[in-house]
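Summary of structural features
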Amino acid sequence: RIKQRLCSLTGVNDEDYTARRAELEQKYSIDYPLLPFCEEYELNYDQLLTETFLAFDPSAVSIALRPGIEAINTLPGEKSVLSNSPTPYVERMLNHFGIRQIFSEIHGSVPGQIIDKKNISTLAELVANTPTVMIDDTSENLIIPHILGWKTVWFPEKTVNKKPAHVDQIITTFEDLT
C-alpha cells in the first residue's frame, strides 16, 4: 500500500520505486520510506501516514503477538517500545492487541526524528544512564545497544543455532526473560 501510494503521488513507476527509494534515503540520510519522498516531492506527511500506515486494519488480517507477551508485566522497571514505524501506527497496533498499558513510552519515527536502531546517537539519546535491555527480532539491530552496554536479547523469527557475540540472550518466548 505504501509503495502504491508513493508511486501514484510522485509519478515514479513501479519498476523504478526501489532504486528511487534507495536514492532518496541516501540523499536525506533517512532509512525509512515515507519521509524522503515527503521531503523530495513536498508531500504532506500526516496525510500520507493516514492513507498508508493508518489505513491498515489489523483486525482484517491474521496477526498474532509473539509467545508469552504477558511476561513483560512481571519484569522490573519501565518498559518502552522502540520502533522505526510511525508512532501513531505503533500506538494503534499496541491498542489493537490490548497491551498499550504495559509501556510507559513509545519511541516511533516522526518527521525530524527517525528511529534508526543501527545509529548510536539515536539510541544513546533515547536512554541515558539507565540500565537498559533491548529485545529485537533482528540480530543486527542489537549491535549498537551492545556497544552502548545494554543487555541485548534476540527474539528471532526462526530457530537459530549460533549466538552472535553482541547478543546476550536468545529467546523463543517472552517467558524466557523471567
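These lines cover the structure that appears in this document, whether it is placed above or below. None of these values were measured; they are calculated from a predicted model.

Quick look at the pattern of salt bridges
Scanning the model with the defined rule gives nine salt bridges in all. For Glu51, the salt bridge goes to Arg5, with nearest N and O atoms at 2.6 Å. Highlighted residues: Glu51 in helix α4 (residues 45–51) and Arg5 in helix α1 (residues 2–10), separated in sequence by 46 residues. Here Glu91 and Arg100 are joined by a salt bridge, their closest N and O atoms 2.9 Å apart. Each of Arg20, Glu23, Lys27 and Glu40 takes part in one network of salt bridges that share partners.

Focus on the packing of aromatic side chains
For the coordinates displayed, the defined rule picks out five aromatic pairs. Taking 5.7 Å as the distance between ring centres and 10 degrees as the angle between the ring planes, the aromatic pair formed by Tyr17 and Phe37 counts as stacked. Of the two residues, Tyr17 sits in helix α2 (residues 17–28) while Phe37 sits in helix α3 (residues 34–41), which places them 20 residues apart along the sequence. When sorted by exposure, Tyr17 lands in the same class as Phe37, which is buried. Where Phe37 meets Tyr41, the ring centres are 6.0 Å apart and the plane angle is 15 degrees; that geometry is what we call stacked. Here Phe37 pairs with Tyr41, and both are found in helix α3, just four residues apart, close to one helical turn. Classification of Phe37 as buried rests on a relative accessible area of 0%.

Brief notes about the pairing of strand β2 (residues 105–109)
Consecutive residues of a regular strand have side chains that alternate between opposite faces of the sheet. Burial within β2 is extensive, with four of its five residues counted as buried. Inspection of the sheet shows strand β1 (residues 80–86) paired to β2 by four bridges, in the parallel sense. Within β2, the position partnered with Val81 by the bridge is Ile106. What joins β1 to β2 is helix α5 (residues 87–96), and the crossover it makes is right-handed.

A few points about the packing of α1 against α3
Their axes nearest at 11 Å, the elements α1 and α3 cross at an angle of 5 degrees. Viewed along their axes, α1 and α3 adopt a mutual orientation that is roughly parallel. Contact residues: Ile2, Leu6 and Thr10 in α1; Leu34, Phe37 and Tyr41 in α3. Split into classes, the residues belonging to the contact of α1 with α3 amount to five nonpolar, one polar and no charged.

Quick word on α3
Of all the positions in α3, only Leu34, Leu35, Pro36, Phe37 and Cys38 are classed as buried. The inward-facing, buried residues of α3 abut α1, α2 and α4. Backbone geometry just after α3 places Glu42 at a positive phi near 55 degrees.

A few points about the packing of α2 against α3
For the pair α2 and α3, the least separation of the axes is 9 Å and the interaxial angle reads 80 degrees. The angle between the axes of α2 and α3 places the two elements in the roughly perpendicular class. Seen from α2, the contacting residues are Tyr17, Arg20, Arg21, Leu24, Glu25, Lys27 and Tyr28; seen from α3, they are Pro36, Phe37, Glu39, Glu40 and Tyr41. Across the contact of α2 with α3, the residue classes break down as six nonpolar, no polar and six charged.

The rules we used
Residues numbered from 1 in each chain as written. Predicted model: local features only at pLDDT ≥ 70, side-chain atom pairs only at ≥ 80, totals over all residues. Heavy atoms only, no water. Salt bridge = Lys/Arg side-chain N within 4 Å of Asp/Glu carboxyl O. Helix = DSSP H or I, 4+ residues; strand = E, 2+ residues; numbered from the N terminus. Phe/Tyr/Trp six-rings, centres within 6.5 Å; stacked < 30°, edge-to-face > 60°. Buried < 20%, exposed > 50% of the residue type's maximum accessible area, 1.4 Å probe, protein only. Pairing = 2+ DSSP bridges. Right-handed = clockwise from strand over helix to strand, strands pointing away. Axes fitted to C-alpha atoms, helices over the stretch in contact; angles between N-to-C directions. Parallel < 35°, antiparallel > 145°, perpendicular 65-115°, else oblique. Contact = heavy atoms within 4.5 Å. Nonpolar A, V, L, I, M, F, W, Y, C, P; charged D, E, K, R; others polar.

This is a description of form; function is not addressed.
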